[in-house]
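# Observations on the three-dimensional arrangement
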Amino acid sequence: MKHSFGNWSQLGSAAFPVFIVLCAIVFFASASLIGGAENSQKTNTLDSAALGRFVDVSQRLGVNFQHQASHTSKKYLPETMGSGVALFDYDNDGRLDIFFVNGAPLSDPTPKGTIPQKTGPKYWNRLYHQKADGTFEDVTEKAGLQGTGYGMGVAVGDYDNDGYEDLYVTAYGGNKLYHNNGDGTFSDVTAKAGVGGSGWSTSAAWVDLDGDGFLDLVVLRYLE
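Scope of this entry: the structure provided in the associated data block. Note that the structure is a prediction, hence the values are computed from the model and not measured.

Parameters and conventions
Residues numbered from 1 in each chain as written. Predicted model: local features only at pLDDT ≥ 70, side-chain atom pairs only at ≥ 80, totals over all residues. Heavy atoms only, no water. Patch = residues over 30% accessible without salt bridge, like charges linked within 9 Å, V, L, I, M, F, W, Y side chains within 5 Å. Areas by Shrake-Rupley, 256 points an atom, 1.4 Å probe, with all protein chains shown as cover. Salt bridge = Lys/Arg side-chain N within 4 Å of Asp/Glu carboxyl O. Helix = DSSP H or I, 4+ residues; strand = E, 2+ residues; numbered from the N terminus. Phe/Tyr/Trp six-rings, centres within 6.5 Å; stacked < 30°, edge-to-face > 60°. Buried < 20%, exposed > 50% of the residue type's maximum accessible area, 1.4 Å probe, protein only. Lys, Arg positive; Asp, Glu negative; His and termini not counted. Polar contact = N/O pair within 3.5 Å; in protein donor to acceptor, adjacent residues only side chain to side chain. Contact = heavy atoms within 4.5 Å. Core = buried A, V, L, I, M, F, W, Y, C linked by side-chain atoms within 4.5 Å.

A cluster of nonpolar side chains, contributed by Val207, Leu209, Val218 and Leu220, occupies part of the molecular surface with about 330 Å² of accessible area. Summarising the element assignment, Val207 is placed in strand 9 (residues 201-207).

Here you go:
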């Protein structure tokens, strides 16, 4: 008895080898696709591992800073902005310390011409000293860096070339230059240096513009 499947009976015995070849092609093509997908997945996994992963260790290391901003119905511009942070080795012990700039309370509404002032410790700028074990301690009060006004930015530079890095902090209502005394404390020398400014300053940078070996100060302003 002769069986026929579709039109195979019409093609004759020559069709069978062709069928076998087609099956082989489909099999190897499928295997290639599956292998490619597996290799692609392995490559993506390796790429993800190579990218690294960051873990928040702030609390564990003793960095408990929280930026303070008022939430008024007027939504004043300062309250919508974050503030500056600086990583610098203020005591030259070979370990980076952290300085955070903080805000100040705003009345709702705030009368025109009012300069916000820090009313308590939660509004202080903060200096965290890194200890030998990699943890941090809050040395703000000891260093004299609580700050004033509604802080915006910070620039680090050794402006007097004494080997210790100093801080320039910008703010809404006036800026501050803090001289590093080399003993863990800072002194406000703003008036003496003549760099207080007024109004609203945002960012700042130390740079030796004229190449005389002394840092110059560039301060960016915002608006009236």
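So, about the packing of aromatic side chains. A complete count under the given rule lists eight aromatic pairs for this structure. Ring plane angle 85° and centroid distance 5.6 Å describe the contact between Tyr172 and Trp200, whose orientation is recorded as edge-to-face. Here Tyr172 is found in strand 6 (residues 166-172), whereas its partner Trp200 is found in the loop between helix 5 (190-193) and strand 9, with 28 residues between them in sequence. By relative accessible area, which is 25% here, Tyr172 ends up partly exposed. For Trp200, a relative accessible area of 5% corresponds to the buried category.

Moving on, we come to the side chain of Glu79. By the secondary structure assignment, Glu79 is in the loop between helix 3 (58-61) and strand 1 (85-88). One buried charged side chain, Glu79, makes no salt bridge at all; its nearest oppositely charged neighbour is Lys75, positioned 6.5 Å away. A polar contact of 2.6 Å, which involves the side chain of Glu79, links it to the side chain of Thr72. A distance of 2.9 Å separates a polar side-chain atom of Glu79 from the backbone nitrogen of Tyr76.

When you line up the elements, Lys122 lands in the loop between strand 2 (97-100) and strand 3 (126-130). Between the alpha carbons of Lys122 and Asn102 there is a distance of 8.7 Å; along the sequence they are 20 residues apart. Residue contacts for Lys122: discarding those within four places in its chain leaves Gln68 and Asn102.

Moving on, we come to the nonpolar core. Core analysis: the biggest nonpolar cluster contains 14 residues, and Phe88, Phe99, Leu127, Leu145, Val154, Leu167 and Phe186 have the highest contact counts within it. Those elements that provide at least two residues to this core are strand 1 and strand 6. Here Val154 is in contact with Gly84, Val85, Ala86, Phe99, Val101, Leu167, Tyr168 and Val169, once residues within four sequence places are set aside. Judged by nonpolar contacts, the second largest core, of six residues, contains Tyr168, Leu177, Ala204 and Trp206.

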